[in-house]
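What the coordinates show
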Amino acid sequence: MYRTHTCGELNLTQKGQSVKLSGWVQRVRRLGGMTFVDLRDRYGITQLVCGENASAEVKNITESLGREFVIQATGIVVERSNKNAKMATGNIEIQLDELKILHKSEVPPFTIEDESDGGDEIRMKYRYLDLRRNPLQKAMALRHRMAQEVRHYLDQINFIEIETPYLIKSTPEGARDFVVPSRMNQGEFYALPQSPQSFKQLLMVSGFDRYFQIVRCFRDEDLRADRQPEFTQIDCEMAFVEQEDVLNTFEGMAKHLFKVVKGVDIDYAFPRMTYAVAMERYGSDKPDIRFGMEIHDLGSLARGKDFKVVDEAEFVGGICAPNCGEYSRKQLDELTLWVQRPQVGAKGLIYAKWQSDGTIKSSVDKFYSQEDLEGWFKHLGGKKGDLLLVLTGARNKMLSALGDLRLEMGNRLDLRPKDVFAPMWVVDFPLFEWDEETKRFYAMHHPFTSPKLEDIHLFESDPGKVRANAYDFVVNGVEIGGGSIRIHDSELQRLMFKQLGFTEKEAENQFGFIINAFRYGAPPHGGIAFGFDRWCAIFGGSDSIRDYIAFPKNNSGRDLMADSPSSISELQLKELALKLNPNS
């Protein structure tokens, strides 16, 4: 037996007992004739003591200990004279009777502490060491707990977990596929699934009316904090449902997770907002509604004063930052540079400060009177002491830029606390989105998303105005999940393919297996997929999903620990009938 207890469970109720612990050496402190060893496992830390009365063997071993040595300790639980209230085991320590080194360790390349001295690259290279740190251990435990609670909740309401294939057919819609060459069918390729979309719809045809899967998905796209080339979804589908059924079911699951995982009891219905309203008020289809500072159109108030920047702009919009009326010129110049960054894309920033003495000082005093500017403030619900920030330009671009500026001001004013949650639904997305480069419409979600039936007459005349039976689950400005009611009518599906530019032959080639399945009786169905990694990060209070994935990739899509992707041998290439250089 390597241990009788873990390093996180002992307290004064075990005082006087002989115990055996095993773990890693966190640190060693030698004070005169006493040696203190902090022993760590994933449950916590326990202090070991080698005193003057310890055996010579124990003293010799403690003298040789280094960080991250794996050891086994046997001793008596005693009460600490200098208790540590910050440790769960801070009331006790172990007087050592025996000590064994199970495995020595080299000096690790960074400290295994809550706050490590290792940078991102070195910690990713030695990820197995990084995972020993308490923050990552807690992150993995949170992920485990959430997965178990998802399964428990869905099982209670008759969902069945079914695995779908990882080697599937490549489709042209959506992000780029990761492709896998077939050795047995040379010249042909599988794709790794971006989602199990087609297969979960087939399961509805198969009669499994409530399906879910916590599933790995793959997308070959540029990375950022909330994206990885491989990620995990909570993938769900239901038959014989309308949109309201899906939203109510998964709002219930979300409330369950908030309550049992975070201890947050949400006793109200999640707010719902249309895509059009979200874009108009927040400049984003995933608004953070924890704070106000909504976008307002100032065009009718601001035009007609011979100020070309405003008069010639398609859109004039602003936000009101509370209690920022005393911002300095330096702070305003910083904000101007911030909105001019390529990621935001504004040409400049108009500001107006309603100062505490009642005067309004602005960057456009030459064109607007005090009464004009006070009218702007009142239109936005502003008051003395507030700051008005205005952008002008193309409507959609400036709405997005104001949305970014709103979030930036929310961060600067501490209006986005990590421990406050504001879940909501965004509904009525456009069915199609226009791509300027290819001059055609694409499905905003996927080709199986059902349109609002009342908008079908717009398919030919104004497809950009057709709304989808689609919905997103948003928490604190982060899209956690998205889904839709699916097309189950063959004629409507053909109309959809036609609008997307597919010929009947192309549609049959790409999606024939699901089209054929629908001929044998497809029930009305819909579903949703949640970004499991993102949900874990939100619950953990992090902006990055990396800490909630055991072995993530870096921003270049590389695994620095395993050194992948990597080249393969000539023999492997030959077996797959592949050549790295087609001219060789």
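Let us look at the structure shown here. Remember, it's a predicted structure, so these values are computed and weren't measured experimentally.

1. Looking at the sheet that holds strand 15 (residues 360-362)
Strands sit in the order 12-13-16-14-15 across an open sheet of 5 strands; the sheet is antiparallel. Two strands bound the open sheet, and with one partner strand each, they are strand 12 (296-297) and strand 15. Where strand 14 (residues 350-354) and strand 15 come together, 3 bridges link them in antiparallel fashion. If you follow Trp354 over to strand 15, its bridge partner there is Ile360. Taken strand by strand, helix 12 (residues 395-412) contacts strand 12, strand 13 (315-321) and strand 16 (387-393), and its axis lies near 10° from that of strand 13.

2. Remarks on the state of the cysteines
Per the counting criterion, the structure on display carries 0 disulfides. Left without a disulfide partner, Cys7 is nearest to the cysteine sulfur of Cys50, which lies 17 Å away. Relative accessible area serves as the criterion here: at 0%, Cys7 is assigned to the buried category.

3. A few points about the pairing of strand 22 (residues 525-531)
Within strand 22, 7 of the 7 residues are buried, which leaves the element mostly enclosed by the surrounding structure. Covered by surrounding structure in strand 22 are His525, Gly527, Ala529 and Gly531 together with Gly526, Ile528 and Phe530, the residues of both alternating faces. As paired strands, strand 10 (residues 230-239) and strand 22 are joined by 7 bridges and run antiparallel to one another. Bridging from a neighbouring strand, Asp235 pairs with Ala529 of strand 22. Two strands pair when backbone bridges link them, and strand 21 (residues 478-485) and strand 22 are joined in this way by 5 bridges, in the antiparallel orientation. When the bridges of strand 22 are listed, Gly481 appears paired with Phe530.

4. Topic: the sheet that holds strand 5 (residues 92-103)
Taken in spatial order, the 5 strands line up as 1-2-3-5-4 and close into a barrel, and their pairing is mixed. If you compare each strand with its neighbour and ignore which way they point, the axes differ by 55° on average. Here strand 1 (residues 18-31) pairs with strand 4 (residues 70-79) via 7 bridges, running antiparallel. Counted as the bridge partner of Lys20 is Thr74 from strand 4.

5. Details of the packing of helix 5 (residues 197-205) against helix 15 (residues 504-518)
Look at helix 5 against helix 15: their axes get within 10 Å of each other, and the N-to-C directions meet at 15°. Taken as axis vectors, helix 5 and helix 15 run roughly parallel relative to one another. Pair helix 5 / helix 15 crosses with left-handed handedness. Contacts between helix 5 and helix 15 involve Ser198, Gln201, Leu202 and Val205 from the former and Phe513, Ile514, Ala517 and Phe518 from the latter. Among the residues making up the contact of helix 5 with helix 15, the classes are represented as 6 nonpolar, 2 polar and no charged.

6. Regarding the layout of surface pockets
Its boundaries defined by the atoms lining it, the second largest pocket holds a volume of some 1100 Å³. Around the second largest pocket sit 37 residues that line it, and Lys286, Leu407, Arg416, Gly477 and Val478 are the ones nearest its centre. Elements with a contribution of two residues or more to the lining of the second largest pocket: helix 7 (275-282), helix 12, strand 21 and helix 16 (532-540). Looking at the lining of the second largest pocket element by element, the count peaks at 7 residues for helix 12. Here the residues of the lining of the second largest pocket are counted per class, giving 11 nonpolar, 11 polar and 15 charged. Counting only domains with at least three residues in the lining of the second largest pocket, you end up with domain 2 (136-272 + 423-571) and domain 3 (291-413).

Criteria and cut-off values
Residues numbered from 1 in each chain as written. Predicted model: local features only at pLDDT ≥ 70, side-chain atom pairs only at ≥ 80, totals over all residues. Heavy atoms only, no water. Pairing = 2+ DSSP bridges. Helix = DSSP H or I, 4+ residues; strand = E, 2+ residues; numbered from the N terminus. Contact = heavy atoms within 4.5 Å. Axes fitted to C-alpha atoms, helices over the stretch in contact; angles between N-to-C directions. Disulfide = S-S within 2.5 Å. Buried < 20%, exposed > 50% of the residue type's maximum accessible area, 1.4 Å probe, protein only. Parallel < 35°, antiparallel > 145°, perpendicular 65-115°, else oblique. Left-handed = near helix turned anticlockwise from the far one by under 90°. Nonpolar A, V, L, I, M, F, W, Y, C, P; charged D, E, K, R; others polar. 1 Å grid on protein atoms, 1.4 Å probe; cavity = no way out; pocket = protein on both sides within 12 Å on 5 of 7 lines; lining within 4 Å. Points joined across faces, edges and corners; volume = space filled by probe spheres on them. Domains from an automatic or database assignment.

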